[in-house]
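Per-entry structural report
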Amino acid sequence: MQKALYDQYAPRMLAVCVRYSKNREDAEDILQEAFVKVFNNMDKFRKESTLGYWIKRIVVNTALNYHRKSVYLYPHYDIEDMHHLGDDEVLVSNYNYRDLLNIIHSLPQGCQVIFNLYAIEGYKHKEIAEMLDISEGTSKSQYARAKSLIKEIITETGEVKHG
Amino acid sequence: MANMGEKKSSFEEQWQEAFENVEMTPSEGLWKDIDSKLTIQENGKYRRGFIFYRSLAAACFLCLIGLGYYVLRDSLAENNTMLGQQRENAEATTEPADLKDNKSGSLATEGSPSTGGVQNDTGLTMGAPSPDQEVAESGRSAGTLAQSGQLPGNKALPDTHNNTLPPNGSTTYSRPTEDQPVVAFASNTHQNGTDSEIGSVMQQYSEIPNYLLAYGPAHIQGNEPNQWLKATDRLYRVPQVVKKDESEERERSLFAGVNLATNYFDPNFNSGGGANFAAMDASPAVNRLESALAMDDYGTQANNNGLENRPQLSISYGVDVGMMLNKRLSLESGIDYGRMNSSTSTRLIAEDFTQGDRIPVLVSNAQEVQSYSSRTQFTPQEQQLTNSFDIISLPLKLGYNMRFNRLNVVLSSGVAANFFLNNRLSDRSGQLSTVNLSASSAGSPYRRLYYSAVVSGGLNYLLSEHYAVSVSPNYNFALSDLTQAGYNFSSQPNNFGIDFGIRYIFNK
């Protein structure tokens, strides 16, 4: 049964792990640790959410534990000083997921984590601040920095598409 | 800035859509690695379980051996059935004569010790012949038997004229000669006794002729004078002793005692799934530690240190009190104190620059280390530790008792309130400082109180009327967490112990 559960959810969860790490080896380490926790805590699954969502929370939790130290290596940026990136300036849909993955990997670790949590996982800045024990302002500034860097990367590649 | 607000823009939506259904195939060996880690963890649990069940089996085996020895020994000593067998045989083979209370001239259904009679447990009073009563001479006829001048079996009536009664108030047992009265009791004597006492008395009368034993109370009838008694002059009924029922006397009795126990205590630490998992449920406290330790690159190790604990032999002692509710059920309580030991290890040491202390960092004290993390440096170092818990336990158990003479087998179950006093992390080599965490310590993950269930099986052996010794294996498992919510780990301790005790029984 454990193997069946692993076969069903491991591919999706590995994609999540890859977004939070810099390379595949680290991603698989995170995935391995996460699934050990999943199997050890199966009795604590109370069916308040779907099993996939529960497993994903454990995977994200494990990924954050794995790379936590990197979040604090960057100074706090005042969000007022950040360059505002208009949403219509970049059309992400023009890129496949591997390109987007490469863009994410090029971000600094702290920005990468917060960008994943806010833009892709859908957490609010207040929730991210509690999860990472940082201020809400830091979360916002790191995210703004991430967006700014993404724009720079896309601009450098010369493939900015305007909708 | 509007676009930095919480409302997600199309930018975020695009990213979410891009990664929504992305999948990547894991490496071939990844599942094997996961499976091997799970197997190692399972083996650890089985090893602990094996030790527990092996100990339990040994305790049960010893109990069975003791019970079997006791039962077999009792079956060989049946002194209290000797008289009954002889009486049955006598009644089956001889024809009884009429017997009657000599003094009153009527069937006596109640004893009259005050009048000088001897009361036995059938209520029959066999009185000493009054001075003015005619006493048959030896050989004088007495009823159908006496008329013949002989007892059944052509035995001559005993010559009792020369026998003297013992002084009033005393009891003598005289070994009977062939034709002498078998027993002489003074007045006001009521004979009861335990099996062994009965046996010792009856042994003196192993040669009671069957024809004497045949004249039980069932054969007393009519109002005619007991002519045979007249003839014998001093024939006294063989005392009928009443076997005491020890179990009835122990009902509704209180008992109190002391005990010493050997224990194998497992704090049963389990990972809580990581701090962020808890944080997702709005519990941010544990994150502060990891943010502080993270700066030294070893913070994440703290959450994984000390989860594996191996039980060690521990000693506890306490007092027990209880009472029998009825013949079978008992209620027991008490108070026990023990320092429960287990062994664990850490791979992270915190060196305090100001105090010069070297402190082991485990998941249980990680929060506490955070309070002075600014003056510490973390060093990876593996060290074996002793993880001790000072606990006071108040159990309440209901027991089912099965008695076999002096041996009592009790099966009990109940609950216990366990008060956590202190946790002590100590290094056997002495290189590291000892860490003490009480329930009130800052950053302590432990609660003051947790509840557990208790099941036990015990043997009590009655040494005397008031003293008994006991041995009782028991298993205690937590019903609630020892740890507080919001920490990186949980603890639901379990404990296997064998209690050795002595108790005093207050009989009513």
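Regarding its fold elements, chain A presents seven helices and zero strands. Ordered by position from the N terminus, the helices and strands of chain A form the series α-α-α-α-α-α-α. Looking at chain A residue by residue over its 163 residues, the buried ones come to 55%. Partitioning the contacts of chain A with sequence separation of at least 6, the portion at a separation of at least 24 is 73%. For chain A, the exposed area adds up to about 7200 Å²; of that, 48% sits on carbon and sulfur atoms.

With that out of the way, let us pick up empty space enclosed by the protein. Residues and elements named next belong to chain B. One pass over the full model with this rule turns up eight cavities of 30 Å³ or more. Considered as a void within the structure, the largest cavity measures approximately 540 Å³ in volume. Along its surface, the largest cavity is lined by 36 residues, and Asp336, Pro395, Lys397, Asn474 and Asp499 are the ones closest to its centre. Elements represented by at least two residues in the lining of the largest cavity include exactly strand 9 (254–266), strand 12 (313–324), strand 13 (329–352), strand 15 (376–404), strand 16 (407–427), strand 18 (449–462), strand 19 (467–478) and strand 21 (494–506). The residue makeup of the lining of the largest cavity, split by class, is eleven nonpolar, 19 polar and six charged.

Along the polypeptide, Thr62 of chain A turns up in helix 3 (residues 51–66). Residues contacting Thr62 of chain A, with those up to four places away along its chain left out, are Ile30, Glu33, Ala34 and Lys37 of chain A.

It is worth spelling out helix 4 (residues 97–106) of chain A at this point. Those residues of helix 4 of chain A not exposed but buried are Leu100, Leu101, Ile103 and Ile104 of chain A. End-on view of helix 4 of chain A: buried residues confined to an arc of 160°, all on one side of the axis. Residues of helix 4 of chain A that are exposed and angled more than 90 degrees away from the buried face: Arg98 and Asn102 of chain A. Looking at the buried residues of helix 4 of chain A, the elements they touch are helix 1 (2–20), helix 5 (109–121) and helix 7 (136–157) of chain A together with helix 1 (10–19) of chain B. Where helix 4 of chain A begins, the capping side chain belongs to Asn96 of chain A, and its oxygen is found 3.1 Å from the backbone nitrogen of Arg98 of chain A.

All names here are of chain B. With 52% of its residues at a pLDDT of 70 or more, chain B shows a mean pLDDT of 69. In the predicted structure, residues 246–251 sits below a pLDDT of 50 and forms 13 contacts with residues beyond four places in sequence or in another chain. The complex prediction reports pTM at 0.42, with the ipTM value standing at 0.85.

Looking at chain A as a whole, the pLDDT averages 81, with 82% of positions reaching at least 70. Counting contacts from residues 69–85 of chain A, a segment whose pLDDT is below 50, to residues more than four positions away or on other chains yields 38 contacts.

For the structure on display, the rule yields 22 aromatic pairs over all chains. Each ring, one from Phe115 of chain A and one from Phe11 of chain B, has its centre 6.2 Å from the other, and the planes form 70°; the classification is edge-to-face. Taken together, the residues span two chains, with Phe115 of chain A in helix 5 and Phe11 of chain B in helix 1. For Phe115 of chain A, a relative accessible area of 0% puts it in the buried group. Aromatic pair Phe11 of chain B and Trp15 of chain B: ring centres 6.1 Å apart, planes at 65°, arrangement edge-to-face. One end of the pair is Phe11 of chain B and the other is Trp15 of chain B, both in helix 1 and four residues apart, which spans about a single turn. The two residues Phe11 of chain B and Trp15 of chain B agree in class, both being buried.

Thresholds applied
- Residues numbered from 1 in each chain as written.
- Chains lettered and ligands numbered in written order.
- Predicted model: local features only at pLDDT ≥ 70, side-chain atom pairs only at ≥ 80, totals over all residues.
- Heavy atoms only, no water.
- Helix = DSSP H or I, 4+ residues; strand = E, 2+ residues; numbered from the N terminus.
- Buried < 20%, exposed > 50% of the residue type's maximum accessible area, 1.4 Å probe, protein only.
- Contact = heavy atoms within 4.5 Å.
- Areas by Shrake-Rupley, 256 points an atom, 1.4 Å probe, with all protein chains shown as cover.
- 1 Å grid on protein atoms, 1.4 Å probe; cavity = no way out; pocket = protein on both sides within 12 Å on 5 of 7 lines; lining within 4 Å.
- Points joined across faces, edges and corners; volume = space filled by probe spheres on them.
- Nonpolar A, V, L, I, M, F, W, Y, C, P; charged D, E, K, R; others polar.
- Arc of directions from axis to C-beta.
- Polar contact = N/O pair within 3.5 Å; in protein donor to acceptor, adjacent residues only side chain to side chain.
- pLDDT = per-residue confidence, 0-100.
- Phe/Tyr/Trp six-rings, centres within 6.5 Å; stacked < 30°, edge-to-face > 60°.

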